[in-house]
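Observations on the three-dimensional arrangement
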4 protein chains.
Amino acid sequence: MQNVVVKEIFDGFNEYLNKEQELREQIREVVREIDQAAKEATIALQVIHSSLTEVSTACAAARNQFEVCRKGYQRLAGLIPEGQYYRYNDHWHFVTQRVVFLVALTVYLEKGFLVSRDTTAEVLGMKTKKVDGFHLDIEDYLMGVLQLASELSRYATNSVTLGDYDRPLVISKFVADLNSGFRLLNLKNDGLRKRFDALKYDVKKIEEIVYDISIRGLRGDSTTGSTAAPPAEQ
Amino acid sequence: MQNVVVKEIFDGFNEYLNKEQELREQIREVVREIDQAAKEATIALQVIHSSLTEVSTACAAARNQFEVCRKGYQRLAGLIPEGQYYRYNDHWHFVTQRVVFLVALTVYLEKGFLVSRDTTAEVLGMKTKKVDGFHLDIEDYLMGVLQLASELSRYATNSVTLGDYDRPLVISKFVADLNSGFRLLNLKNDGLRKRFDALKYDVKKIEEIVYDISIRGLRGDSTTGSTAAPPAEQ
Amino acid sequence: MQNVVVKEIFDGFNEYLNKEQELREQIREVVREIDQAAKEATIALQVIHSSLTEVSTACAAARNQFEVCRKGYQRLAGLIPEGQYYRYNDHWHFVTQRVVFLVALTVYLEKGFLVSRDTTAEVLGMKTKKVDGFHLDIEDYLMGVLQLASELSRYATNSVTLGDYDRPLVISKFVADLNSGFRLLNLKNDGLRKRFDALKYDVKKIEEIVYDISIRGLRGDSTTGSTAAPPAEQ
Amino acid sequence: MQNVVVKEIFDGFNEYLNKEQELREQIREVVREIDQAAKEATIALQVIHSSLTEVSTACAAARNQFEVCRKGYQRLAGLIPEGQYYRYNDHWHFVTQRVVFLVALTVYLEKGFLVSRDTTAEVLGMKTKKVDGFHLDIEDYLMGVLQLASELSRYATNSVTLGDYDRPLVISKFVADLNSGFRLLNLKNDGLRKRFDALKYDVKKIEEIVYDISIRGLRGDSTTGSTAAPPAEQ
C-alpha cells in the first residue's frame, strides 16, 4: 500500500529529470558549435598582432564566424522554454563573454569605438530589452569588454613592433575611457568586480608603451595633439 | 567625444545593477523570516524525541509556523519578476528544503504517509504545475524528503528509549519505501545524488534497531503482520 | 627639506608600533599561563572517564586551576588599555572558550546544571555587564558550552563502561536542553553557527547510548520516569 | 525544570546578537556611502594622467568628495558605542586606506609634500590623539601612503607622455623620502610590511624613468639642482 503511494508520487519526477538532462545535452551541443566559431574568429583576428595590412580581412573573417554564432544563439533561444533562461544560462555565460569580446574587438578595429550592448546583441541575434526571454546579459557584455582591454594592451605592444607608433596613444585613450566607464558602475563584490580590478594593469601597461614611444621622440603627433581615434585602416 | 560614447553606453547599467542588488536584499529579508519560522517549527517538533504524548501538539505548533512560511513565499512570489524565478532561486533553495522536511515530518507524524509535492506546495502557497512561475522545485522537494529519512532514524532510536517498540518497524518500512522510490529516479551526478547516497545509512541504522528489537523478542506484532502506518497518537 | 618632513611625520609612529608589539608580547605570556592552567584542569578532569568515585576530587583540582586562570585574567584586564579590549581579544578567544568549557564541565559534574555566563565570569574574575571593559564575551561563553556537549557525549559512553546506566539518560536530557537553547539563538553565519551545527552529532550519539541501555533493559528507572538531573555523586 | 534554566540563561543573548547584527548593517551602509564618494574622487583625480592643465580642478572635485567622506565618518563615530572601536573597525579599514590615499594624492598635487596623519584625520573629521575613540589608525594611514607611491609611479610615466620631463625627478625624490621613512619603522611581519615590500618596485620604476630622461638629455634642470617640490600648476 504505502509502497504504491511513494511510487506514485515519484513516478512523474523521472520524466521531468530526463527531460532536463536531454535539454542540457542539446544546449551543450549548441554551445560547442558557438565555441568552435569563436575559436575560428579568434584565430582570424590574431593576424592583427603580426600584420598592419590584413586587419580588414581579419575582421571580415571574424564577421563570418559571428554569423555562425548568431545561428547558434537562435537555436539556443528556441531550445530554452519560456521563463527558464536563468535556469540554463550557466551553460553559455563563458562562451558568450568570449564572443562579446570578439565582436567588440572587430568593431574597434573597424571603427575605433566601443560597440554598444544593443549592437552586440543585434550582431548575435539576441535581444537586449526583455530580461526574461533569451537576451544578452549585461554582465556578459561587460566581461567581454574587459577582455577587449587586455587584448588591446597586447595590440599596443605589437603595433610598436610593426612600426606603428601612433596606435598605442589612441588605444591608451580608449582604454582610459573604458576604465572611467567601469569606475562609474556600482559593482557588487563578485566576478565582474574582480575582473575589473585587473583592468588597471592593462591601463598601466599601455601607458608604459606610450611612455616608451614618447621618450624616444617616436610620436608622430604633437604632445598636445589630436585625440581623435582613427579607424584602423584608412 | 569618445569618452561620451562609453559613458552613454554604461550609463543605463547602474540602474540595472542597483535594482538587482535592492531586489536581492529584499529577498534575503523574506528568506530570513521563513528561516525563523522554520526554526520555531523545528524546536516544536523536537519534542517527539522525548515524549510519546505531545506529538499532536507539536504538529499543531509546526502548522502555525507553516502559515508564516506560506506568507513569506507569497511575498517572495510577488517580488520575483516574471521569468526570473531561476535568476534568484539560490536564495531560497536551502530554507525551502528545510521547510519541505518539516512539512513532510509533520504529515508523517499526523497521517503516517509521505506528503506529495503538490500537497507540500499547497501548504506553502506555492505552485507546482508551471515551472516558469514561482513554484516548488522537484529537487528541493526531494532534498527535504531525504532529510525526513534522517530524522526518522533518530525518531526510531528515541521511540525505543520511550518504550515504543512498534514504531521502529513502521518507520523501517516507510524509509525502505522511500529508498525504493529514490532508486527509481534517474539522478544525475549532483547534490541530490550525493545526498541520496547517504540514505542507505539511515536505512541500515533503522534496520539495526528493528533487528535489536526482534532478537530480544520485544516486538508486539507478528513479523508478517500489519504494514499499515498508524498515526502517532490514536 | 622634504626628507625632514616625512621623517617628522613618521617619527612618532615607531613609539606606537613598539609599544603595541611589547603589549602583545606581554599578553601572549599571560595567555600562555592561563593555557597551562587550563591544561592542568583538563588532565584533572579526565579522571571522570575512568572512575566513578574520583569526580569530586577532580572538580576540586580543576577549581584550583581556575584560581590560576582568574589571576591571569586579572593581569590581562590590567594590561589592556581602556577601550582597547576588542583590539587584542583575538589573543585570548581560544583559551577562554576552553576555560569556559572546563568551568561548565566542573559545575555540571558538581551540580548537574548549566553554569550561567555571569557565574562563569565571576569564577574567572571577569565582568559580564559592561561590554567595553575586560569581560567574558557571549560568543566565547557559547563556544565553551558547545565543547561541554561534546565532552558529555564521551562521558555518557564511559559511564556505561563503568557500569553507571542512569547517567546517560540524565546527560541526554541535559544536552537536548542545550540543543533547544541554541536553536532559539539568532546566530549569523559564522564560527558559532558552524560549531552549533556539530552539536546534533553529540545529541544523536548520546541518544544512541540511551537506546542501547533501554533495549537491553538496563535502565534503573521506569520509561516515563524521573527527569531530574541528580548531581554526579550524592 | 532544567529546560527552563537553559532557556533563561540563553534568553538575553538574542537581544545582544540581534543588536550587533543591526549595528553591523548600519555600519555597512555608511561604509558604502564613503566608498561611493571615494570612487567619485578617484574618477576626478584620474585626469592627472592625461592632462597637465586640469589638476587644480581635479583636486577641487576630490575635496568635495572628502566632505562627503567626512560626514560618513562622523556618522560612523556616532554609531560606534564607546570602547568598541576595535570591535567593528574591520568594516572600514579598506575604504579608509583608500580615502587616505586620495587625500594624500590631492595634498601632494596641491602642495608637493606628504600630508601628515593629523591633517588627514582633520580633513576626514576623525581624531588622532585618543586611540580608544573613533580615530584614524596609524596602519590605515601608512597603507594609504603606500598606495600613493604606486599612483605616483604611474603619474611619473604619464608626465613624460604629456611632455613634462621635470616632474619625474621631483616624484623620484619624494618617493625615495617615503621609502626612507618606512625603513625607519619597526614593522612586524604583517600586512603593512608586505605592502611596504612592494614599495621598492615603485621606487625602482620611477628611478628608471628619471634615468631614461637623463640619458636622453631631456632634463631641464641641473642634476644637482633644486629639490623643491613645486605644486603642479603654478
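Not measured: the values here are computed from a predicted model.

1. Focus: the side chain of threonine 120 of chain D
All names here are of chain D. Tracing the sequence through the fold places threonine 120 in helix H5 (residues 117–123). Among the polar contacts made by the side chain of threonine 120, one reaches the main-chain carbonyl oxygen of serine 116 at a distance of 2.7 Å. In this structure threonine 120 touches Val100, Val103, Val115, Leu136 and Tyr141, once residues within four positions along its chain are discounted.

2. Considerations on the relation of the copies chain D and chain A
Placing chain D over chain A gives an RMSD of 0.1 Å and needs a rotation angle of 87 degrees, together with 2.9 Å of translation along the axis. Both copies present different contact surfaces, since only 9% of the interface residues of chain D are interface residues in chain A too.

3. Examining the packing of helix H6 (residues 138–161) of chain D against helix H9 (residues 199–215) of chain D
Residues and elements named next belong to chain D. Contact geometry for H6 and H9: axes closest at 9 Å, N-to-C directions at 20 degrees. When the interaxial angle is binned, H6 and H9 end up roughly parallel. Handedness of the H6/H9 crossing: left-handed. Each of Leu146, Ala149, Ser150, Leu152, Ser153, Ala156, Thr157 and Val160 in H6 lies in contact with H9, whose residues at this interface are Leu199, Asp202, Lys205, Ile206, Ile209 and Ile213.

4. Notes on the confidence of the model for chain A
Residue and element names in this part refer to chain A. Mean pLDDT over chain A works out to 90, with 91% of the residues at or above the 70 mark. Confidence, expressed as mean pLDDT per element, reaches its minimum in chain A at helix H1 (residues 2–45) with 92 and its maximum at helix H4 (residues 93–111) with 98. Scored below 50 in pLDDT, residues 222–234 makes 23 contacts in the model with residues more than four places away or belonging to other chains. Reported confidences for the modelled complex are a pTM of 0.88 and an ipTM of 0.85.

5. Section: the interface of chain D and chain A
Accessible area lost on assembly of the parts is the figure often given for the size of an interface. Taken together, the contact between chain D and chain A spans 22 residues of the former and 18 residues of the latter. Taken together, chain D and chain A are joined by two salt bridges. Of all elements in the fold, only helix H1 (2–45), H6 and H9 of chain D reach the threshold of two or more residues within the side of chain D that touches chain A. Looking at the side of chain D that touches chain A, the element that brings in the most residues is H6 of chain D, giving six residues.

6. What about helix H4 (residues 93–111) of chain B?
Because each turn of an α-helix spans 3.6 residues, side chains separated by three or four positions end up pointing in the same direction. Residue and element names in this part refer to chain B. Under the 1.5 Å per step criterion, the end-to-end length of H4 is 26 Å for 19 residues, consistent within 8% with the ideal 27 Å. The element H4 is extensively covered by neighbouring structure, given that 14 of its 19 residues are classed as buried. Looking one or two residues beyond H4, the residue adopting positive phi is glycine 112, at roughly 80 degrees.

7. Some thoughts on the packing of aromatic side chains
All names here are of chain B. Counted according to the given criterion, the structure contains 40 aromatic pairs over all chains. Taking 6.3 Å as the distance between ring centres and 50 degrees as the angle between the ring planes, the aromatic pair formed by tyrosine 73 and phenylalanine 134 counts as tilted. Note that tyrosine 73 is positioned in helix H2 (residues 55–79) and phenylalanine 134 in the loop between helix H5 (117–123) and helix H6 (138–161), a separation of 61 residues in sequence. Taking 4.5 Å as the distance between ring centres and 40 degrees as the angle between the ring planes, the aromatic pair formed by tyrosine 108 and phenylalanine 174 counts as tilted.

8. Some details on the side chain of glutamate 151 of chain A
With respect to the helices, strands and loops of the structure, glutamate 151 of chain A is situated in helix H6 (residues 138–161). Setting aside chain neighbours within four positions, we find glutamate 151 of chain A in contact with Gln46, His49, Phe101 and Leu105 of chain A.

9. Structural notes on the relation of the copies chain A and chain B
At an RMSD of 0.1 Å, chain A and chain B line up after a rotation of 180 degrees and a shift of 0.0 Å along the axis. Such values leave the two copies arranged in the relation of a two-fold axis. Considering only C-alpha atoms, the residue of chain A closest to the rotation axis is glycine 83 of chain A, which sits at 2.0 Å.

10. A look at the UniProt feature "binding site: Mg(2+)" (unreviewed entry) in chain A
In the numbering used here, UniProt assigns the "binding site: Mg(2+)" (unreviewed entry) feature to Glu151 of chain A. The buried category is assigned to glutamate 151 of chain A, whose relative accessible area is 12%.

11. Examining the interface of chain A and chain B
Taken together, the contacts link 42 residues of chain A with 42 residues of chain B. At the boundary of chain A and chain B, one finds two salt bridges. Measuring nitrogen to oxygen at the nearest pair gives 3.4 Å for the salt bridge that ties lysine 188 of chain B to glutamate 20 of chain A. There are 14 residue pairs in polar contact (both at pLDDT 80 or more) connecting chain A and chain B. The dominant element in the side of chain A that touches chain B, judged by the number of residues it contributes, is H1 of chain A, at 14 residues. Taken together, the residues of the side of chain A that touches chain B break down into 20 nonpolar, eleven polar and eleven charged.

12. Quick notes on the environment of alanine 198 of chain D
The residue alanine 198 of chain D is located in the loop between helix H8 (191–197) and H9 in this model. C-alpha of alanine 198 of chain D to C-alpha of leucine 146 of chain D: the two residues are 52 residues apart in sequence and 8.7 Å apart in space.

13. Let's talk about the nonpolar core
Membership of the largest hydrophobic core comes to 153 residues, with the highest contact counts inside it found for Tyr73, Trp92 and Leu114 of chain A together with Tyr73, Trp92 and Leu114 of chain B. Beyond its immediate sequence surroundings of up to four residues, tryptophan 92 of chain A is in contact with Ile27, Val31, Leu76, Ile80, Tyr85 and Phe134 of chain A. Core analysis: the second largest hydrophobic core is formed by 152 residues, Tyr16, Val115, Leu146 and Ala149 of chain C among them.

What counts and what doesn't
- Residue positions are counted from 1 within each chain, in the order its sequence is given.
- Working convention: letters from A go to chains and numbers from 1 go to ligands, in the order in which they are written.
- Given that the model is predicted, a residue must reach a pLDDT of at least 70 before its local features are reported, and side-chain atom pairs must reach 80 or more before they are shown or counted; all residues, however, enter totals for whole chains, interfaces and linings.
- Water and hydrogen atoms play no part in the side-chain values, which are based on all heavy atoms of the structure.
- Think of it this way: any DSSP run of H or I at least four residues long counts as a helix, any run of E at least two long counts as a strand, and we number them from the N terminus.
- Any N or O atom pair separated by 3.5 Å or less is treated as a polar contact, with the protein-specific requirement of one donor-capable and one acceptor-capable atom, and with residues adjacent in sequence counted only for side-chain atom pairs.
- The contact rule is simple, with two residues in contact once any of their heavy atoms fall within 4.5 Å.
- Superposition of the copies used a least-squares fit over C-alpha atoms from residues whose pLDDT is at least 70 in both.
- Whenever a helix is involved, its axis is fitted only over the stretch in contact; in every case the axis is a line through C-alpha atoms, and angles between N-to-C directions fall within 0 to 180 degrees.
- In these notes the angle categories are as follows: under 35 degrees is roughly parallel, over 145 is roughly antiparallel, 65 to 115 is roughly perpendicular, and the rest is oblique.
- What makes a crossing left-handed is the near helix being turned counterclockwise from the far one by less than a right angle; a clockwise turn instead makes it right-handed.
- Per-residue confidence from the predictor is reported as pLDDT, which spans 0 to 100.
- We define a salt bridge as a side-chain nitrogen of Lys or Arg found within 4 Å of a carboxyl oxygen belonging to Asp or Glu.
- The span one expects for a helix is its residue count, reduced by one, times 1.5 Å.
- Burial here depends on accessible area, computed with a 1.4 Å probe over protein chains only, as a share of the maximum for the residue type. Under 20% is buried, over 50% is exposed, and the range in between is partly exposed.
- Think of it this way: a Phe, Tyr or Trp ring, Trp meaning its six-membered ring, pairs with another when their centres are within 6.5 Å, and the plane angle makes it stacked under 30 degrees, edge-to-face over 60, tilted otherwise.
- UniProt positions are given in the numbering used here, feature names are shortened, and annotations may be inferred rather than shown by experiment.
- Side-chain classes are defined by residue name, with Ala, Val, Leu, Ile, Met, Phe, Trp, Tyr, Cys and Pro counting as nonpolar, Asp, Glu, Lys and Arg as charged, and the others, Gly among them, as polar.
- The definition of a nonpolar core used throughout is a set of buried Ala, Val, Leu, Ile, Met, Phe, Trp, Tyr and Cys residues joined through side-chain atoms within 4.5 Å.

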